[in-house]
Amino acid sequence: MTSTPRADCRNWDDAPLADLVAHVRSACHRPLAAELEQLTALADRVAARYGDALPMLDVLRETVAGLRAILERHLYREDRQVFSVILNLVTAPDSDTGDRQALAATIAEMTADHDRVIDLLARMRALTSGYEPPDWACPTFRTLYDRLSLVEHGLRLHLHLENDVLFPRALSLIDRRRT
Ligand SMILES: [Fe+2]
Ligand SMILES: [Fe+2]
């Protein structure tokens, strides 16, 4: 399984917000959570086997673990404190005002998490020379790099969808409800 969201030509700028939330949950969040668990185990194995010859593998293992730690908490909060509130706003016009204020604050925190994720992806890419394994790398080593590269690709699409489409649409929904 990879964390790369399914290719999707749908224009999410105009789609119902509930459809977009469902898409991010199913195409981005669920596969990513499963992949992160497997990737940390794979990075541990490769570091344990080749870390003496290539010390950067220990740094890579720590970076993958850090990415997983940030993202597991992030996905949990995003699901419960952002997506669920958005769906409430869409379906219940008179929903609690406090929810709306909390949503704007939580979206700001989620966006800050995204910046931290982007920094970790840049660190992974630099450590692995663009996910280019050494000539002597075994199939497990190569699989780790291939899957990290796919996770980076998937996360960049995922964060773009949230930063540039979902969050701005949710914030404009809050603004409209204030008037
Ligand atoms: Fe997300
Ligand atoms: Fe996010």
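Refer to the structure above for everything that follows.
All of the points below concern the structure found in this document. For clarity, every value in this text was computed on a predicted model and none was experimentally measured. Each residue is numbered by its place in its chain's sequence as written, counting from 1. Labels are handed out in written order, letters beginning with A for the chains and numbers beginning with 1 for the ligands. Reporting in this predicted model follows two pLDDT cut-offs: at least 70 for local features of residues, and 80 or more for side-chain atom pairs to be given and counted; totals over whole chains, interfaces and linings ignore these cut-offs and use all residues. For side-chain calculations, the full set of non-hydrogen atoms in the structure is used, while hydrogens and water are omitted.

1. Quick look at the overall build of the chain
- Only DSSP runs of H or I covering at least 4 residues are called helices, and only runs of E covering at least 2 are called strands; the numbering of each starts at the N terminus. Each helix and strand counted, the chain has 4 helices and 0 strands in total.
- Counting from the amino terminus, the chain carries its helices and strands in the arrangement α-α-α-α.
- When accessible area is computed with a 1.4 Å probe and restricted to protein chains, residues below 20% of their type maximum are described as buried, those above 50% as exposed, and intermediate ones as partly exposed. Residue burial in the chain is summarised as follows: out of 179 residues, 45% are buried.
- Here a residue-residue contact requires only that any non-hydrogen atoms of the pair lie within 4.5 Å. Put simply, of all contacts in the chain between residues at least 6 apart along the chain, 79% involve residues at least 24 apart.
- In this tally Asp and Glu are treated as negative and Lys and Arg as positive; neither His nor the chain ends contributes. Here the site of a charge means atom NZ of a Lys, CZ of an Arg, CG of an Asp or CD of a Glu. Side chains of the chain carry 22 positive and 27 negative charges; the gap between the two charge centres is 3 Å.

2. Here we look at the coordination of the iron ion (ligand 2)
- At the metal site, the iron ion (ligand 2) is ligated by H74 (NE2), E78 (OE), E78 (OE), H114 (NE2) and E162 (OE), and these contacts range over 2.1 to 2.7 Å.
- Donor residues binding the iron ion (ligand 2) come from one chain and are separated in sequence as H-x3-E-x35-H-x47-E.
- In this listing, donors mean N, O and S atoms no farther than 2.8 Å from the metal, or 3.2 Å for Na, K and Ca; water is missing from the atoms, so a site can look incomplete. Between the iron ion (ligand 2) and the iron ion (ligand 1), both coordinated by E78, there is a metal-metal distance of 3.1 Å. Taken together, the residues span a long stretch of sequence, with H74 in helix α2 (residues 56-91) and H114 in helix α3 (residues 97-127) at a distance of 40 residues. Here H74 and H114 have matching classes, each one buried.

3. Quick word on the coordination of the iron ion (ligand 1)
- All of the protein donors around the iron ion (ligand 1) are H29 (NE2), E78 (OE), H158 (NE2) and E162 (OE); their distances to the metal are 1.9 to 2.2 Å.
- Square planar and octahedral assignments, for four and six donors respectively, both demand that opposite donors be over 155 degrees apart and that all other angles lie between 65 and 115; tetrahedral needs four donors with all angles between 85 and 135 degrees, and anything else is irregular. Because the angles between the 4 donor atoms bound to the iron ion (ligand 1) fall within 90 to 163°, the donor set is best described as irregular.

4. Considerations on the nonpolar core
- The criterion is simple. A nonpolar core is a set of buried Ala, Val, Leu, Ile, Met, Phe, Trp, Tyr and Cys residues joined through side-chain atoms within 4.5 Å. With 30 residues, the main nonpolar core has L57, L60, L67, L144 and L155 as its most contacted residues.
- Here L57 is in contact with V46, A47, Y50, G51, F141 and Y145, once residues within four sequence places are set aside.
- Formed by 22 residues, the second largest nonpolar core is a distinct cluster that contains V85, L89, L166 and A170.

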